[in-house]
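Remarks on the overall topology
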Amino acid sequence: MNLLASEKENKKEELASVKDQLRMAKDKADKWSQLNDELQAQMNSAIAERDTLGQEYTALKSKLEETSIKSSEVEEMLAQYKVDVEVAEAHLKTETKYVRRLSRRETIEEIYARGFDISAKIEEAKKLES
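This text gives an overview of the structure that appears in the document. (Residues numbered from 1 in each chain as written. Predicted model: local features only at pLDDT ≥ 70, side-chain atom pairs only at ≥ 80, totals over all residues. Heavy atoms only, no water.)

This part takes up the overall build of the protein chain. Along the backbone of the protein chain there are two helices and zero strands. Here the protein chain has a C-alpha radius of gyration of 51 Å; the compact-globule value for 130 residues is 14 Å, and the former is much larger. Taken along its principal axes, the extent of the C-alpha atoms in the protein chain is 165 × 25 × 25 Å. For the protein chain, the proportion of its 130 residues judged to be buried stands at 2%. On the protein chain, roughly 12400 Å² of surface is accessible, and the fraction owed to carbon and sulfur atoms is 58%. Charged side chains of the protein chain number 23 positive and 28 negative; the gap between the two group centres comes to 2 Å. (Helix = DSSP H or I, 4+ residues; strand = E, 2+ residues; numbered from the N terminus. Rg over C-alpha atoms; globule rule 2.2 N^0.38 Å. Buried < 20%, exposed > 50% of the residue type's maximum accessible area, 1.4 Å probe, protein only. Areas by Shrake-Rupley, 256 points an atom, 1.4 Å probe, with all protein chains shown as cover. Lys, Arg positive; Asp, Glu negative; His and termini not counted. Charge placed at Lys NZ, Arg CZ, Asp CG, Glu CD.)

A few words now on a positive patch on the surface. A cluster of basic residues, Lys93, Lys97, Arg100, Arg101 and Lys126, forms a positive patch on the protein surface. If you trace the backbone, lysine 126 turns up in helix H2 (residues 119-129). (Patch = residues over 30% accessible without salt bridge, like charges linked within 9 Å, V, L, I, M, F, W, Y side chains within 5 Å. Salt bridge = Lys/Arg side-chain N within 4 Å of Asp/Glu carboxyl O.)

Here we come to the pattern of salt bridges. Using the criterion set out here, one finds two salt bridges in the structure. Residues aspartate 20 and arginine 23 are paired through a salt bridge, measuring 2.9 Å at the closest nitrogen-oxygen approach. A residue pair is termed a helical-turn pair when its members lie 3 or 4 positions apart in one helix, as aspartate 20 and arginine 23 do in helix H1 (residues 2-114) at three residues. A relative accessible area of 36% places aspartate 20 in the partly exposed class. For arginine 23, a relative accessible area of 49% gives the class partly exposed. Across the pair aspartate 51 and arginine 50 runs a salt bridge whose closest N-O atoms are separated by 3.1 Å. Given the relative accessible area of 54%, arginine 50 is considered exposed.

Right, dumping it as structure tokens:
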């Protein structure tokens, strides 16, 4: 009977040891499961970030292509504005010359109206200006 009690005690100890090993294995499995969940969450986050960056890249690429098109349009507009400015400057020079000559003419007419004849001096001044 003593032998039976001794075997029973050994089996209880073995059972307790196996339960401890099982509990430790379960704890390890829980830790690995938790680590797996964390890594899965990080991977999902990285995938979402990659997708977001892909969308931003596509949007920026599209904007860049639009900007390139608009840039060529702007260059065309600038070229046209340059031509327009040159035409306006030429017209302004012509108008300025016309107004200057008109002013001189009016001045001469006023002088003639007063009875002065300075046509010789005017001819001399024109030669000096040329």
